Every structure is written in structure tokens, then in C-alpha cells.
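Below, each chain spelled out in residue letters.
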Amino acid sequence: MKRLTLVFRNQEDGKAFRVNVQNPVENIDTAALQTDAQVLIDNGLVPEGYVFDEARVLESNTNILIDILK
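Residues numbered from 1 in each chain as written. Predicted model: local features only at pLDDT ≥ 70, side-chain atom pairs only at ≥ 80, totals over all residues. Heavy atoms only, no water.

Per an unreviewed UniProt entry, the protein chain is named DUF2922 domain-containing protein, and its organism is Thermosipho japonicus.

Written out as C-alpha cells, the structure is:
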């Protein structure tokens, strides 16, 4: 599974607010990503006082060892 995590930081206490996007597009345009993050702030989807800090792409695999009740 691949996930894009946008991290916003509170300017006063440094606490993080994260937005996760499942299965992001390949070849993310970082300039467009910064613009999109600002749109989230401008539209009130990120708490007041937070600024865009970083973006991460996380990939993980799950291996099921036992699945009794399928």
C-alpha cells in the first residue's frame, strides 16, 4: 500500500496535523503539491495556526500469517 502524508505544523507549539491520501499518483509535482497544501489551509480544512511543513510517500506491505475465519 502506498500513502502520501502531508504534515502541517502549529507555529506556536510545533504539534503536527497530518492528512493522508491513499494511493497517490506517481511522479508527484512538488510545486503543485505545495499549492494544493495551501488550498487546504485557505479553505479551513487545516486548523488555524498550522503551516505546511512536509510531504512523505510511505509504502508498506502486509503479510497475513494466519486467517482462521476467512
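Asker: I would appreciate a short explanation of the side chain of Lys2 in the present structure.
Answerer: With respect to the secondary-structure elements, Lys2 resides in strand 1 (residues 2–10). Side chain to side chain, Lys2 and Glu26 meet in a polar contact 2.9 Å long. Lys2 has contacts with Val21, Gln22, Asn23, Pro24, Glu26, Val57, Leu58 and Glu59, leaving out every residue within four places of it along the chain. (Helix = DSSP H or I, 4+ residues; strand = E, 2+ residues; numbered from the N terminus. Polar contact = N/O pair within 3.5 Å; in protein donor to acceptor, adjacent residues only side chain to side chain. Contact = heavy atoms within 4.5 Å.)

Asker: Can you walk me through the nonpolar core in this structure?
Answerer: Nonpolar side chains tend toward joint burial in soluble globular proteins. Judged by nonpolar contacts, Leu4, Leu6, Phe8, Leu33, Ala37, Val46 and Tyr50 together constitute the single largest core of seven residues. Listing elements by their share of this core, those giving two or more residues are strand 1 and helix 1 (30–42). At three residues, the largest contribution of residues to this core is made by strand 1. Not counting residues within four places of it along the chain, the set of residues in contact with Phe8 comprises Lys15, Ala16, Phe17, Val19, Ala37, Leu40, Ile41, Val46, Tyr50, Val51, Phe52 and Asp53. (Core = buried A, V, L, I, M, F, W, Y, C linked by side-chain atoms within 4.5 Å. Buried < 20%, exposed > 50% of the residue type's maximum accessible area, 1.4 Å probe, protein only.)

Asker: Quick question: what am I supposed to make of the sheet that holds strand 3 (residues 50–59) here?
Answerer: Adjacent strands of a sheet form backbone hydrogen bonds with each other and so pair up, either parallel or antiparallel. Taken in spatial order, the three strands make up an open sheet running 2-1-3, and their pairing is antiparallel. Of all strands in the sheet, those with a lone pairing partner are strand 2 (16–22) and strand 3, marking the two edges. Shown here is a sheet whose adjacent strand axes are inclined to one another by a mean of 20 degrees, direction ignored. Bridging between strand 1 and strand 3 involves nine bridges; their strand directions are antiparallel. The partner of Leu6 across the bridge, within strand 3, is Ala55. (Pairing = 2+ DSSP bridges. Axes fitted to C-alpha atoms, helices over the stretch in contact; angles between N-to-C directions.)

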